[in-house]
Amino acid sequence: MNEMNREEQIKFIKESIKENKIKFIVLQLVDIMGAVKSITLPVSQLDKITSNEIMFDGSSIDGFARIEESDMYLYPDLSTYLVLPWKTDEYGIARFICDVYTPDEKPFIGCPRGILRKALEEAKEMGYEFFVGPEPEFYLFDKDEKGNPILESSDAAGYFDMAPIDRGEDVREIISLALEEAGFEVEAAHHECGAGQHEIDFKYSDALKTADNIMTFRYIVKRISDDLGLFASFMPKPVEDMAGSGMHINMSLFKDGENIFYDTEAKNMLSDKAVHFVGGLLKHAKGYTAITNPLVNSYKRLVPGYEAPVYIAWSHKNRSPLVRVPAKRGASTRVELRSPDPACNPYLALATVLVAGLDGINNKMEPPKSVLGNIYEMDSKERFEKDIDSLPRTLYEAIMEFKENEIMKKVLGEHISEKFIKAKLDEWDRFRKAVHPWEIDEYLRAF
């Protein structure tokens, strides 16, 4: 629908509504923390929806507006129109993803989608288009008799296992079919390392569409899993001693239809701009980690021993560093950032890593020498000699790094930066004050 003008889009939408017997339209937005919010309207309100006349109370959404300036408007992006894949025989439901505007018809500074748009404009001014392909992982858990999730699964399979060992194969197929019905091009689906852990990859796209797709992906996976009597979780580390769930981000920059990361004359056929982009990712890694890994629980995943990146380094093949350059070249040349997890707000995450990479290009940042060996097997002296630093170990450390990084704060803007920092420090404080089962087991009888 991006190729259509507004009149053509509305005509297409009205024809689809009639064809699919649409009775309700869901308007979705994303708050600063990455939670999807929505309002459902009868299809009779379509003209008001497409005319940007739907209001909501911004003060009721965490991190948005104060109560004295709470009126907000939902501007649906018509290109995000989607007939949801769980329509019944009687009627269907459609969905739009919305940008948030103020009553004076200006983009709201606290809208995460608007933050990504601004970062993409910065890239566009340099002549670049930013393309992203995510690799989201998630767990499927059983439910108890009350319908509550339990940290158990009848699936005890491991990486790339098949049925009947892989009890989730049928579920992945059902989810994949629903995603394809929703317009996704599913590229691969497989069992991951943890019991009950899965990965479904879909085709890369421009960054805004990819961020929209990530939100839609989580929505569909959770809804279909629930319909099947299961609970899908994108929590980074739900089960101790099992692999955490990540969301590797594969990135490339195009100019005039050509991938600028690819250079047949350069070493490893990797252009200077690609190397400098990596330099920017490494330089700002500590600063954006609070955004790409936003939960207290995120840092239970970022520990040695589970293949999640801990150290700030890069490599052409090695999977232990933070950044990897996969072997494919040509139009498929890309840089893979391995630290993000699927609980992040994808709009804010993609905005920060893009600007980090662009800063690397603008300032011709040279990354340290790429690492060939397994960093997890290196001692601290060897890592020091190779100039390998570490990611923040806790959410608190990550927030402190974010507070010190002026470029990353500028990406998000003052409003979102302040709201995000406050919310995350509150989260850390609640965690810090809580007494956890491990402490009871470790200390209660001993002391």
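Just so we're clear, the structure is a prediction, and the values are computed from it rather than from any experiment.

**Student:** Describe in detail the layout of surface pockets, supporting the description with residues and values.
**Tutor:** The space that makes up the largest pocket amounts to roughly 950 Å³. Along its surface, the largest pocket is lined by 40 residues, and E135, E199, D201, N250 and E336 are the ones closest to its centre. Here the lining of the largest pocket gets 6 residues from one element, more than from any other, and that element is strand 6 (residues 129-141). Taken together, the residues of the lining of the largest pocket sort by class into 15 nonpolar, 10 polar and 15 charged. A volume near 750 Å³ is recorded for the second largest pocket. Along its surface, the second largest pocket is lined by 30 residues, and S79, T80, Y81, K209 and N213 are the ones closest to its centre.

**Student:** Tell me about unusual backbone geometry, and name the residues and values.
**Tutor:** Positive phi is not limited to glycine here, since N52 has a value of about 65°. In this structure, K364 is a non-glycine residue whose phi angle is positive, near 50°. Note on placement: K364 falls in the loop between helix 9 (346-362) and helix 10 (380-385). By relative accessible area, K364 is classed as exposed at 61%.

**Student:** Lay out the environment of T289 in plain terms, naming residues and giving numbers.
**Tutor:** For T289, the location among the structural elements is in helix 7 (residues 285-292). Given a relative accessible area of 0%, T289 falls into the buried group. T289 sits 110 residues away from I399 along the chain, and the two C-alpha atoms are 8.3 Å apart. Dropping the residues within four chain positions of it, T289 is found in contact with Y299, L391, P392 and A398.

**Student:** An account of the pairing of strand 4 (residues 71-83) is needed here, citing residue identities and associated values.
**Tutor:** With 10 of its 13 residues buried, strand 4 lies for the most part within the structure. Examined bridge by bridge, strand 3 (residues 54-57) and strand 4 share 4 bridges and lie antiparallel to one another. Each bridged residue has a counterpart across the sheet, and for F56 the counterpart in strand 4 is M72. Here strand 4 runs beside strand 5 (residues 92-101); their pairing, made up of 7 bridges, is antiparallel. Opposite Y73, over in strand 5, you have Y101 as the bridge partner.

Reading the values: rules and limits
Chains are numbered independently. Their residues run from 1 in the order of the written sequence. Residue-level local features of this predicted model are given only where pLDDT is at least 70; pairs of side-chain atoms are given and counted only at 80 or more, and the full residue set underlies all totals for whole chains, interfaces and linings. Heavy atoms throughout the structure, all of them, feed into the side-chain values; hydrogens and water do not. A cavity here means a set of 1 Å grid points, computed over protein atoms only, where a 1.4 Å probe fits but cannot escape. A pocket is an open set with protein on both sides within 12 Å along at least 5 of 7 lines, and lining residues have an atom within 4 Å of a point. Grid points are joined across faces, edges and corners, and a volume is the space filled by probe spheres set on the points. The secondary structure listing takes helices from DSSP runs of H or I that are at least 4 residues long and strands from runs of E that are at least 2 residues long, numbered from the N terminus. Just so you know the grouping, Ala, Val, Leu, Ile, Met, Phe, Trp, Tyr, Cys and Pro go in nonpolar, Asp, Glu, Lys and Arg go in charged, and all remaining residues, Gly too, go in polar. Any residue under 20% of the maximum accessible area for its type is buried, any over 50% is exposed, and the rest in between are partly exposed; the area is computed with a 1.4 Å probe on protein chains only. Any two residues whose heavy atoms approach within 4.5 Å at even a single point are treated as in contact. Two strands pair under a simple rule: DSSP has to find at least two bridges between them.

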